[in-house]
Amino acid sequence: MADETNPGGRFALYPAIDLRRGRCVRLEKGRADRETVYGGDPHGVAAGFVAAGARWIHVVDLDAAFGDGGNRPLIRDLASSIEVRVQTGGGLRTEADLAEVLESGVARAVIGTAAIENPDLVRRAIERWGAERIAVGLDARGRRPAARGWTEESGTDLFDLARSLVDLGVRTIIHTDIERDGMMMGPNLALSAELAAHAGAEVVVSGGMRGMQDVHAVAEAARAGRGIAGAIIGKAIYEGALDLSAALEAVG
């Protein structure tokens, strides 16, 4: 869907599609050698999410993140063919990369590695497209951010990095706890909320979501004004541990 953004800053659940070689997969702790394939029909998966009532779909280009090809034509096709907002990240490291997705139907682009290595890109992107269409993905082990498909640690402090990016105009941060991602052990909600408070940004929680108890916990943190704007859910949906329709209905 073209360029709508999350209306009024409402809390949102983001069912996830992680793409590798055109297939829907999930990794454990971001490791390419711990991959589970959940099907070769991303369009069908997206249609299922739409039918369940999703307002957003989070799409990750793992090949681009790892520097091993990419799925950008597929992502553009998904964004233009479904009637919900698509947020995408993975390998978006230049202004041309951002233009390619943002001008072809994607609602929001997520800058990851480049936000660490080239923060001026973040500033320019926000000036060009606005803060509502640019998010920063901060993936970390504890307070140690990682880049390039989580293969390299940046050596900076998560909170300091986030604050510096907010100073450049960032308003939305996607915080992934790498050690929990794909493990279905519960999100690191406490750290995500602390990050939101320190940085002064809205934080979307990612990594470890396992079922309705986590959906309720994240939504309650949002209602309590802890800076939580949503949650990304992947493996729990694919493994049948979470009914997406019920989760979406529960958060309104």
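Calculation rules
Position numbers for residues count from 1 along each chain, tracking the sequence in the order it is written. This being a predicted model, a pLDDT of at least 70 is required before a residue's local features are given, and a value of 80 or more before pairs of side-chain atoms are given or counted; all residues contribute to the totals for chains, interfaces and linings. Just so you know, side-chain values use all the structure's heavy atoms and leave hydrogens and water out. Only DSSP runs of H or I covering at least 4 residues are called helices, and only runs of E covering at least 2 are called strands; the numbering of each starts at the N terminus. Computation of the radius of gyration draws on C-alpha atoms alone. For the globule rule, the value is 2.2 Å times the number of residues to the power 0.38. Any residue under 20% of the maximum accessible area for its type is buried, any over 50% is exposed, and the rest in between are partly exposed; the area is computed with a 1.4 Å probe on protein chains only. Only heavy atoms matter for contacts: two residues are in contact if any of them lie within 4.5 Å across the pair. Shrake-Rupley sampling with a 1.4 Å probe provides the accessible areas, and residues are treated as covered by the protein chains on show and by no other component. Charged-residue counts in this description rest on Lys and Arg as positive and Asp and Glu as negative, His and the chain ends being excluded. Throughout, a charge is located at the NZ atom of Lys, the CZ atom of Arg, the CG atom of Asp or the CD atom of Glu. Only protein atoms enter the calculation, which uses a 1 Å grid: trapped sets of points that fit a 1.4 Å probe without letting it out are cavities, open sets showing protein on both sides within 12 Å along at least five of seven lines are pockets, and any residue with an atom within 4 Å of a point is a lining residue. Grid points are joined across faces, edges and corners, and a volume is the space filled by probe spheres set on the points. Any residue that is not Ala, Val, Leu, Ile, Met, Phe, Trp, Tyr, Cys, Pro, Asp, Glu, Lys or Arg is counted as polar, Gly included; the first ten are nonpolar and the last four charged. For the purposes of this section, nonpolar cores are sets of buried Ala, Val, Leu, Ile, Met, Phe, Trp, Tyr and Cys residues that join through side-chain atoms within 4.5 Å. Axis geometry follows a simple rule: fit a line to the C-alpha atoms, using only the stretch in contact for helices, then measure angles between N-to-C directions, giving values from 0 to 180 degrees. For classification purposes, angles smaller than 35 degrees are called roughly parallel, those larger than 145 roughly antiparallel, those between 65 and 115 roughly perpendicular, and all remaining angles oblique. Should the near helix be turned anticlockwise from the far one by less than a right angle, the crossing is left-handed, and should it be turned clockwise, the crossing is right-handed. Two rings from Phe, Tyr or Trp (for Trp, the six-membered ring) form a pair when their centres sit within 6.5 Å of each other. Planes less than 30 degrees apart are called stacked, planes more than 60 degrees apart edge-to-face, and all others tilted. For the purposes of these results, a polar contact is taken to be a pair of N or O atoms within 3.5 Å, where, inside protein, one atom must be able to donate a hydrogen and its partner to accept one; residues adjacent in sequence count only when each atom of the pair is a side-chain atom.

Before going further, it helps to examine the overall build of the protein chain. Across its full length, the protein chain holds 11 helices and 12 strands. What you see for the protein chain is a C-alpha radius of gyration of 16 Å, in line with the 18 Å of a compact globule of 252 residues. Counting only C-alpha atoms and orienting by the principal axes, one finds that the protein chain spans roughly 40 × 40 × 40 Å. Buried positions account for 55% of the 252 residues belonging to the protein chain. For the protein chain, contacts bridging at least 24 residues in sequence account for 70% of all contacts bridging at least 6. In the form shown here, the protein chain has an accessible surface area of approximately 9600 Å², with 47% of it arising from carbon and sulfur atoms. Taking the average location of the 29 positive side-chain charges in the protein chain and that of its 36 negative ones, the two points are 2 Å from each other.

So, about empty space enclosed by the protein. Following the criterion strictly, the structure yields two cavities of 30 Å³ or more and no others. One number sums up the size of the second largest cavity: a volume of about 40 Å³. Looking at the second largest cavity, the residues that line it are Asp61, Arg72, Ile75, Thr88, Gly89, Gly90, Leu92 and Val101. Elements with a contribution of two residues or more to the lining of the second largest cavity: α3 (72–81) and β5 (85–89). Classifying every residue of the lining of the second largest cavity gives three nonpolar, three polar and two charged.

With 71 residues, the main nonpolar core has Ile17, Phe49, Leu98, Ile173 and Ile228 as its most contacted residues. The contacts of Ile173, once residues within four sequence positions are left out, are Val136, Leu138, Ala162, Val166, Leu195, Ala199, Ala201, Glu202, Val203 and Val204. Ala16, Val110, Val204 and Ile232 belong to the second-largest nonpolar core, a separate cluster that totals 11 residues.

Spacing of three or four residues puts side chains on the same side of an α-helix, whose turn is 3.6 residues. Of all the positions in helix α8 (residues 189–199), only Leu189, Leu191, Ser192, Ala193, Leu195, Ala196 and Ala199 are classed as buried. Buried residues along α8 sit against α7 (158–167), β10 (172–177), β11 (202–206), α9 (212–223) and β12 (228–233). Gly200 sits one or two residues past α8 and shows a positive phi near 75°.

Here the focus is the packing of α9 against helix α11 (residues 244–251). For the pair α9 and α11, the least separation of the axes is 10 Å and the interaxial angle reads 25°. Regarding the angle of α9 to α11, the classification is roughly parallel. Every pair of crossing elements has a handedness; the one defined by α9 and α11 is right-handed. Contact with α9, carried on its side by Met212, Val215, His216 and Ala219, involves Ala246, Ala247, Ala250 and Val251 of α11 and no other residues of that element. Tallied by class, residues from the contact of α9 with α11 come to seven nonpolar, one polar and no charged.

What follows concerns the environment of Glu117. In this fold, Glu117 is placed in helix α5 (residues 113–117). Sequence separation between Glu117 and Gly67 is 50 residues, and the spatial gap between their C-alpha atoms is 15 Å.

A word on the packing of aromatic side chains. A complete count under the given rule lists three aromatic pairs for this structure. Ring centres of Tyr14 and Trp56 lie 5.4 Å apart, and the angle between their planes is 40°; on these two criteria the pair is classed as tilted. On the criterion of sequence distance, the pair formed by Tyr14 in strand β1 (residues 12–20) and Trp56 in strand β4 (residues 56–61) is long-range, its members being 42 residues apart. The same class applies to Tyr14 and to Trp56, which are both buried. Ring geometry for Phe49 against Tyr238: centres 6.3 Å apart, planes inclined by 70°, an arrangement best described as edge-to-face. On the criterion of sequence distance, the pair formed by Phe49 in helix α1 (residues 42–52) and Tyr238 in helix α10 (residues 235–238) is long-range, its members being 189 residues apart. Pair check on accessibility: Phe49 and Tyr238 agree, each one buried. Clustering of aromatic rings is evident, with ring pairs tying together Tyr38, Phe49 and Tyr238.

We now examine the side chain of Asp61. Here Asp61 is to be found in strand β4. Among the polar contacts listed, one links the side chain of Asp61 to the backbone nitrogen of Ala64, at a separation of 3.1 Å. Among the polar contacts listed, one links the side chain of Asp61 to the backbone nitrogen of Asn71, at a separation of 2.7 Å. Look past the residues within four positions of Asp61 in its chain and what remains in contact with it is Leu19, Gly70, Asn71, Arg72, Ile75, Gly89 and Gly90.

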